[in-house]
Amino acid sequence: MAEAALLAHDLVRVLGGRRVLDGVSLTAAPGRRIGLIGENGAGKSTLLRVLAGVDHPDRGRVERPPDLGYLHQELSFEPGAAVADVLDDALAGAREDVAELDRLAGLLADAPDDADLLAAYAERLDHAQLHEAWDADRRAKVVLAGLGLDDVAHDRTLGSLSGGQRARLALAALVVRRPSALLLDEPTNHLDDDAAGFLEEQLRGLPGVVVVASHDRAFLDAVCTDVVDLDPAPGGPVRYGGNYTAYLAEKRAQRVRWQERWAAEQAELAALRDALGVTTHKVAPNRAPRDNEKMGYGHRAGRVQNQIARRVRNTTRRLEELARRQVPAPPRPLSFVPDTLVDAVVDPVAEQAPDDVLVSLRDVRVPGRLAIDRLDVPATARLLVTGPNGAGKSTLLLVLAGLLEPGGVRRRDGLRVGLLGQDTRFDRPGRTARETYESVLGPARAEAVPLLSLGLLHEWDVDKPVGDLSVGQRRRLALALVVADPPGLLLLDEPTNHLSPTLCDELEDALGPGPGAVVLASHDRRLRSRWRGDEVRVDAVTS
């Protein structure tokens with residue numbers, strides 16, 4: 001019994017007056033693991049809901065395998081239900097397969113030549129083998145342990161679990177069940193490195209379809225056989241074969257081709273304008289003949305004028321055609337804006353030698369949160385803060401920023417510090433994004449570095465109140481503020497949260513050459529694996 005494909009045909013979904021899905025089609029064959037990527041609001045979660053059947057398209061249709069699993073944000077059980085109830089539900093299909101095979105085997109013992117019984121037994125056997133029904137109970141134990149739930153008692157109620165535990169239990173139930181098609185929305189949220197690696201291994205072993213929306217680049221790299229980019233493109237969503245690294249390589253190659261075509265078109269436009277100007281000058285209608293032209297001027301004037309006029313028309317036509325269909329300039333990758341763009345007060349840090357210390361910590365203690373014996377942050381630091389949850393990584397960044405003053409901290413006079421925290425909030429939610437940007441940076445800097453020039457917010461979002469922006473959009477606005485006016489010391493707490501994978505890559509690349517000093521705390525596995533600076537580990541305070 002072969003697994004069935006998941007097919008979507010020309011899906012359209014309108015939400016809040018906006019076409020979130022506009023003619024999206026998708027073919028997901030068994031064994032394919034498709035990653036959905038794109039900016040926040042590109043339609044990843046909407047597409048998953050439509051594929052799962054919990055939301056309905058305004059146009060188009062979906063063909064689903066009969067056994068489909070969808071990772072909801074919350075378990076579809078009452079808070080009083082026990083962990084055992086969730087596991088029993090996940091194991092019900094496997095137990096039903098085994099019980100039905102036993103029943104059919106009993107019937108076949110009495111009627112071994114019954115063709116219908118033989119066919120039913122063969123079909124059920126194929127299904128049981130494909131879904132590893134006899135191994136289900138052992139698999140449940142392995143999955144619970146792999147996702148960090150082996151110490152959770154099975155009689156615990158769901159209401160007594162933390163949000164992270166409930167999310168991991170919902171994920172475990174799907175992996176144990178092994179449906180023919182598995183739809184996952186940000187499955188690595190709430191998972192540590194070991195649990196994420198375990199999930200990747202489990203998904204690679206599934207015989208059916210997997211469609212997953214994720215910002216986790218390491219996960220996309222480890223799991224996906226295909227990547228679908230849902231960001232707007234002239235031909236709609238684009239599918240790329242291979243994992244995230246293969247997708248990234250193809251996108252970079254596309255960008256090179258785009259840049260080359262744009263440059264060639266701009267050169268041709270410039271040449272056409274120059275040729276048109278020179279030709280028009282040569283045949284100005286009232287130009288008098290030169291002395292050496294006077295004898296034949298009247299004879300040749302009409303013929304020459306016609307030839308040149310034809311050339312002008314052809315050049316003009318070509319210029320208009322090329323100008324009309326020219327490709328737009330490719331967007332600039334994210335980069336930190338140098339101070340030389342505007343007249344500004346020079347940051348004293350810029351005048352320091354690379355080894356000069358911006359901030360030094362000696363015997364710093366924040367009771368119950370942080371203990372640092374010694375740490376120096378030089379002017380060109382690239383420092384990654386690592387450690388388990390609750391070890392004090394965010395607290396360390398607050399101390400470096402001066403938002404916590406526990407004593408034992410020395411800071412360079414005049415040092416300007418920027419902190420991009422995990423929770424992006426603005427004091428005036430009624431202000432638009434553009435007004436907030438201008439207010440924080442000041443008129444001169446905001447005029448020299450327009451918000452839209454950074455490519456972090458869409459044109460239709462900059463005049464929305466920041467209180468109406470999504471979490472990802474507010475994150476982008478906060479990032480724009482530090483990109484447009486980089487501080488001497490930039491502190492980043494989980495900077496890739498709520499950013500698209502491609503923007504995360506651009507941010508990583510931008511942190512290499514500038515700004516001054518960078519201290520960063522992150523759970524992003526791809527970022528940490530590619531980090532080329534120093535590391536400092538903080539451990540949980542035990543007393």
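For the structure itself, consult the block above.
These numbers come from a predicted model, not from an experiment.

Please provide a residue-by-residue account of the packing of aromatic side chains, values included.
Following the criterion strictly, the structure yields two aromatic pairs and no others. Both rings, one in Tyr240 and one in Tyr247, keep their centres 5.0 Å apart while their planes meet at 80°; by these two values the pair is edge-to-face. With a centroid separation of 5.6 Å and an interplanar angle of 35°, the aromatic rings of Tyr244 and Tyr247 are classed as tilted. Taken together, the residues Tyr244 and Tyr247, both in helix α8 (residues 244–282) and three residues apart, mark about one turn of the helix.

If you had to explain the nonpolar core to someone new, which residues and values would you point to?
Core analysis: the largest hydrophobic core is formed by 50 residues, its most contacted members being Leu147, Leu169, Leu184 and Leu203. Every element with two or more residues in this core is listed here: α2 (83–110), α4 (136–146), α5 (163–177), β6 (181–185), α6 (193–204), β7 (209–213), α7 (217–223) and α8. Counting residues per element, this core draws most heavily on α5, at eight residues. Beyond its immediate stretch of four places on either side in the chain, Leu184 contacts Leu48, Leu71, Leu171, Leu174, Leu203, Val211, Val212 and Ala213. Residues Leu477, Leu479, Val482 and Leu520 belong to the second largest nonpolar core, which totals 38 residues.

So what's going on with the sheet that holds strand β8 (residues 226–229)? Residues and values would help.
Strand order in this open sheet of six strands is β5-β6-β7-β3-β8-β9, and the pairing throughout is mixed. Looking at the sheet topology across the chains shown, the edges are occupied by β5 (68–70) and β9 (238–241). Sheet twist, expressed as the mean angle between neighbouring strand axes with direction ignored, is 15°. Where strand β3 (residues 33–37) and β7 come together, four bridges link them in parallel fashion. Paired with Gly35 across the strands is Val212, a residue of β7.

Lay out the packing of α2 against α4 in plain terms, naming residues and giving numbers.
Direction vectors running N to C along α2 and α4 enclose 145°, while the axes themselves pass 10 Å from each other. Between α2 and α4 the crossing geometry is right-handed. On α4, the residues touching Leu87, Leu91, Ala94 and Arg95 of α2 are Ala136, Asp137, Ala140 and Leu144.

Outline the pattern of salt bridges, supporting the account with residue identities and numerical values.
Enumeration according to the criterion identifies 42 salt bridges in this entry. Arg217 serves as the salt-bridge partner of Glu508, at 2.5 Å between the closest nitrogen and oxygen. Of this pair, Glu508 sits in helix α14 (residues 501–511) while Arg217 sits in helix α7; the two residues are 291 residues apart in sequence, bridging distant segments of the chain. Per residue, the accessibility class of Glu508 equals that of Arg217, and both read buried.

Give me the sheet that holds strand β13 (residues 409–411): which residues, what numbers.
Pairing within the open sheet is antiparallel, and its three strands lie in the order β11-β10-β13. Each edge of the open sheet is held by one strand with a lone partner, namely β11 (370–378) and β13. Going across the sheet, the axis of each strand differs from the next one's by a mean of 10°, ignoring polarity. For strand β10 (residues 357–366) and β11, the ladder comprises eight bridges, and the chain directions are antiparallel.

Criteria and cut-off values
Residues numbered from 1 in each chain as written. Predicted model: local features only at pLDDT ≥ 70, side-chain atom pairs only at ≥ 80, totals over all residues. Heavy atoms only, no water. Phe/Tyr/Trp six-rings, centres within 6.5 Å; stacked < 30°, edge-to-face > 60°. Helix = DSSP H or I, 4+ residues; strand = E, 2+ residues; numbered from the N terminus. Core = buried A, V, L, I, M, F, W, Y, C linked by side-chain atoms within 4.5 Å. Buried < 20%, exposed > 50% of the residue type's maximum accessible area, 1.4 Å probe, protein only. Contact = heavy atoms within 4.5 Å. Pairing = 2+ DSSP bridges. Axes fitted to C-alpha atoms, helices over the stretch in contact; angles between N-to-C directions. Left-handed = near helix turned anticlockwise from the far one by under 90°. Salt bridge = Lys/Arg side-chain N within 4 Å of Asp/Glu carboxyl O.

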